[in-house]
Amino acid sequence: MKKLIYLALLLIIVYSVSLTGCGNSTEKTTGVKTKAKELTFSWNKDIGDLNPHNYSAQMFAQGLVYEPLVTYAEGGKIEPCLAEKWDTSPDGREITFTLRKGVNFSDGTEFNAAAAKQNFDAVLANAQRHEWLELINQIEKTEVSGDYTLKVYFKNAYYPALQEFALIRPIRFLAPTGFPENGQTSEAIKKPIGTGPWVLSEYKKDEYAVFTRNENYWGTKPKLEKVIVKIIPDGETRVIAFEKGELDLIFGSGVISLDSFKQLKESGKYETKNSGPLSTRVIAMNSNKGATKDLPVRQAIQHGINKQAVINGIFYGTEEKADTLFSSNLPYCDLKLKPYDYNLEKAASLLDNAGWKQADGKEFREKNGQALELELCFDSTDNIQKSAAEAMQGDLKKLGINLKLIAEESQAYNQRQKDGNFNLIFSETWGVPYDPHSLCSSMRKPSHADYQAQSGLSMKPEIDKKIEEVLLSTDEKTRQELYTYILKTLHEQAVYLPISYRTNMAVYHKNLSGFKFLSTQYDVPLTDIDIK
């Protein structure tokens, strides 16, 4: 009997070893390595320091680690996130948030009202840095009124408050253990520790970042275990890496040329998708510098660019032509403004009447002996901006305008937006949940191209005054009238040349499933993605 039992055990062991050996053998035979649930994609810039209260990090990366009190869902609905519910006082000057229980930061520290207040205090201590966002200017104080109850008091009723609590920055929540000793996150943080579904586990500046799944996450955990972000500034290099299987996903806007996107799509080897319209791609024209100070010059440029040809020939129809700064489906933005049509004859007439004449034998127009030369600045890492800029250069040459293209790395390009060192510069609106209120708020400060583009307008003080009034308005009719004045004036003054409604693109291998675009343009939709 003992011999039979011994033989049976021996057979089981031999069978088990045999099964294990088959597995290894199959892998060696086929050359297919069993891959963990990890996804690799690339970004054109380093992810930055992941400080949730500053602006030096890439927004998508901040969104992986940190969460808001509320989120902006499809259709403009505000939904609970770290706050389970909220109550707004009748006068609109107090919001009481009931925080979600059972939420921990990724290091195990509890998220509660005290931790939330610590984050608010750090942001408010650096309020000047955030003055572009009226939400921060309007917060008077916060108060912990229970372990999971936080009250936010406002100086005035502020209608976009909940939408702006959903923004990626600056009101998101760092663990107390991540704060520096002096509590001033404006200077630095110890470590990026949030409540979000991902944890930064490895990082090498300008090379890569590795995010692993937060096993303490309170919500639905991602199907993936790990996400690797490779920093690849060049779009064509990114395409080659994707085709070699070094990347699983290409995502974003301008990350590869639309020629490459078309080629990958037509190969039939990969899945390709475009999101719906997310924001507006525009050229900001500086009303306070050189020839673009003149309204007729700005109007002539509006009429002189063949946007439909750009849409057809460069965007291959992936983006729709835009005629106004904000899409008409945004609140308060359906104003039926008359578009600037493509009309070279009208454009030429505007320039002639403004004194910009084209003399015989001269390639470009002149006025008082000065040639009509303008600079168009764009981000050298954005493949779409470069192609569109070249098309515009050709269009304006037909009008006798010498458009010089200035390609610069992101930091220098952003600095030009702030200091106004441009005639024309690529810009964009920010989409939901920013538009139109947050972008209009920022127009009053030299934080983006908008302030400088408008700075030469005689009615700029009135525009800023109306923006302040609209953000604090409590009556719908008054609010609509104020937005109508602001947006109609900017349209008539021709400081924005809308090009198209921006979309995000995605290209991925066919072993990837669960991909779907989100309602905002800054979030990379990783939660539902799986790899076979």
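Please read all numbers here as calculations on a predicted model, not as lab measurements.

Conventions we followed
- The residue numbering used here restarts from 1 in each chain and proceeds along that chain's sequence as written.
- Reporting in this predicted model follows two pLDDT cut-offs: at least 70 for local features of residues, and 80 or more for side-chain atom pairs to be given and counted; totals over whole chains, interfaces and linings ignore these cut-offs and use all residues.
- Side-chain calculation: all heavy atoms of the structure are included, whereas hydrogens and water are not.
- For this analysis, a ring pair means two rings from Phe, Tyr or Trp (six-membered ring only for Trp) whose centres lie within 6.5 Å, classed as stacked if their planes differ by under 30 degrees, edge-to-face if by over 60, and tilted for the remaining angles.
- A run of DSSP states H or I qualifies as a helix once it reaches four residues; a run of E qualifies as a strand once it reaches two. Both are numbered from the N-terminal end.
- Relative accessibility decides the category of a residue: with a 1.4 Å probe and only protein chains considered, values under 20% of the type maximum give buried, values over 50% give exposed, and everything between is partly exposed.
- A ring is considered to have a charge above it if a Lys NZ or an Arg CZ atom is located within 6 Å of its centre and within 35 degrees of its normal.
- Strands were regarded as paired on the criterion that DSSP finds at least two bridges between them.
- In this description, contact between two residues means that some pair of their heavy atoms is separated by no more than 4.5 Å.
- Note on method: axes are straight lines fitted to C-alpha atoms, helices fitted across the in-contact stretch only, with angles between N-to-C directions ranging 0 to 180 degrees.
- Every helix has an expected span of 1.5 Å times one less than the residues it contains.
- Think of a polar contact as two N or O atoms within 3.5 Å of one another; within protein, one of them needs to be a possible hydrogen donor and the other a possible acceptor, and neighboring residues in sequence only count if both atoms come from side chains.
- Per residue, pLDDT captures the predictor's confidence, and it can take any value from 0 to 100.
- We call a set of buried residues a nonpolar core when its members are Ala, Val, Leu, Ile, Met, Phe, Trp, Tyr or Cys and they connect through side-chain atoms within 4.5 Å of each other.
- All the domain ranges listed were derived from an automatic or database domain assignment.
- We define a salt bridge as a contact between a side-chain nitrogen of Lys or Arg and a carboxyl oxygen of Asp or Glu at a distance within 4 Å.
- By buried area we mean how much accessible surface two parts lose on assembly, using a 1.4 Å probe and totalling the loss over both.
- As a working rule, the residues Ala, Val, Leu, Ile, Met, Phe, Trp, Tyr, Cys and Pro are called nonpolar, Asp, Glu, Lys and Arg charged, and the rest polar, with Gly in that last group.

A word on the packing of aromatic side chains. By the definition in use, this model includes 21 aromatic pairs. On the basis of an interplanar angle of 65 degrees and a centroid distance of 6.4 Å, the ring pair of F154 and F165 is categorised as edge-to-face. On the criterion of sequence distance, the pair formed by F154 in strand β7 (residues 149-154) and F165 in helix α5 (residues 161-165) is long-range, its members being 11 residues apart. Between the aromatic rings of F515 and F517, the centroid separation amounts to 5.0 Å while the plane-to-plane angle is 90 degrees, which identifies the pairing as edge-to-face. By relative accessible area, which is 22% here, F517 ends up partly exposed. Through successive ring pairs, a cluster of aromatic residues spans F97, F105, F111, F120, F154, F165 and F173. In this structure, K262 is placed above the aromatic ring of Y316, and the distance from its NZ or CZ to the ring centre is 5.2 Å.

We now examine the sheet that holds strand β14 (residues 320-321). A sheet is described by the order of its strands in space; here 6 strands give the open sequence β14-β20-β13-β19-β17-β18, paired in mixed fashion. The two strands at the open ends of the sheet, each matched to only one other strand, are β14 and β18 (402-408). Running over the sheet, helix α12 (residues 410-419) touches β17 (373-379), β18 and β19 (424-428) and is turned about 100 degrees from β19.

Bringing helix α3 (residues 113-125) into the picture now. The terminal C-alpha atoms of α3 lie 18 Å apart, and with 13 residues this matches the ideal 18 Å at 1.5 Å per residue to within 8%. The complete set of buried residues in α3 reads A113, A115, A116, N119, F120, A122 and V123. Next to the buried residues of α3 lie β5 (94-99), α4 (134-138), β6 (139-146), β7 and α5. The N-cap of α3, judged by a side-chain oxygen 3.2 Å from the amide nitrogen of A114 a few residues on, is N112.

Here the protein chain averages 93 in pLDDT, while 93% of its residues score no lower than 70. This stretch, residues 1-33, has a pLDDT under 50; its non-local contacts, to residues over four places away or in other chains, come to 4 contacts.

Counting along an α-helix, one turn takes 3.6 residues, and residues three or four places apart therefore face a common direction. With respect to burial, helix α8 (residues 295-304) is a largely interior element, 8 of its 10 residues being buried. Those residues of α8 lying buried are V297, R298, Q299, A300, I301, Q302, H303 and G304.

The topology assignment puts R502 in strand β20 (residues 496-502). In this view, R502 contacts S253, G276, P277, L278, S279, T280, R281, E319, E428 and Q521; residues no more than four positions away in its chain are not counted.

This paragraph deals with the nonpolar core. Of all hydrophobic cores here, the largest spans 65 residues; its most connected members are L69, F97, L135 and F165. At the level of elements, β5, α3, α4, β7, α5, α13 (437-442), α15 (460-471) and α16 (476-492) are the ones that each hand at least two residues to this core. Inspection of this core shows a minimum of three residues originating in each of domain 1 (67-178) and domain 3 (279-502). Setting aside residues no more than four positions away along its own chain, F97 makes contact with L69, V70, A83, K85, W86, Y148, T149, L150, V152, L162 and F165. Counting residues in each nonpolar core, the second largest holds 53 residues, with L258, L264, A300 and F426 among its members.

Counting across every chain of the model gives 30 salt bridges. Linking K397 and E363 is a salt bridge whose minimum nitrogen-to-oxygen distance equals 3.2 Å. Note that K397 is positioned in helix α11 (residues 383-398) and E363 in the loop between α10 (344-353) and β15 (366-367), a separation of 34 residues in sequence. Accessibility expressed as a relative area gives 45% for K397, which makes it partly exposed. Measuring nitrogen to oxygen at the nearest pair gives 3.0 Å for the salt bridge that ties R479 to E476. Residue R479 and its partner E476 are both found in helix α16; the two are separated by 3 residues, about one turn of the helix. For R479, a relative accessible area of 6% corresponds to the buried category.

Looking along the chain, the bond that leaves R169 and enters P170 is cis, with omega of 15 degrees. As for its position among the elements, P170 is in the loop between α5 and β8 (198-204). The peptide bond linking V432 to P433 adopts the cis configuration, its omega dihedral lying at 0 degrees. Looking at the element boundaries, P433 is found in the loop between β19 and α13. One non-glycine residue with positive phi stands out, namely L50, at about 55 degrees. You can see L50 is positioned in the loop between β1 (38-43) and α2 (59-65). Residue class for L50 comes out buried when judged on its relative accessible area of 0%. A positive phi angle is found at K336, which is not glycine, with a value near 55 degrees. Within the secondary structure, K336 is located in the loop between β14 and α10.

So, about the sheet that holds β5. Spatial strand order, β4-β5-β7-β6: 4 strands in an open sheet with antiparallel pairing. The sheet is open, and its two borders are formed by β4 (83-88) and β6, each paired with just one other strand. Strand-to-strand twist across the sheet, computed as the mean angle between neighbouring axes with direction ignored, equals 20 degrees. Here 6 bridges tie β6 to β7, and the two strands are oriented antiparallel to one another. Residue pairing for β7: G146 is matched across the bridge by T149. Each of β5, β6 and β7 is contacted by α3, which is oriented at about 165 degrees to β6, the strand it contacts most.

Let's shift gears to the domain arrangement of the protein chain. Along its sequence, the protein chain is organised into domain 1 (67-178), domain 2 (198-275 + 504-531) and domain 3 (279-502). Centre-to-centre, using C-alpha coordinates, domain 2 lies 31 Å away from domain 3. Taken together, the 17 residues of domain 2 in the interface contact 19 residues of domain 3. Summed over both sides, the interface between domain 2 and domain 3 buries roughly 1300 Å², with carbon and sulfur atoms accounting for 50% of that surface. Sorting the residues of domain 2 by area buried against domain 3 places S253, L258 and Q521 first, and these three jointly supply 39% of that buried surface. Linking domain 2 to domain 3 there are 0 salt bridges. Where domain 2 packs against domain 3, one counts 7 residue pairs in polar contact (both at pLDDT 80 or more). Among the residues making up the side of domain 2 that touches domain 3, the classes are represented as 6 nonpolar, 9 polar and 2 charged.

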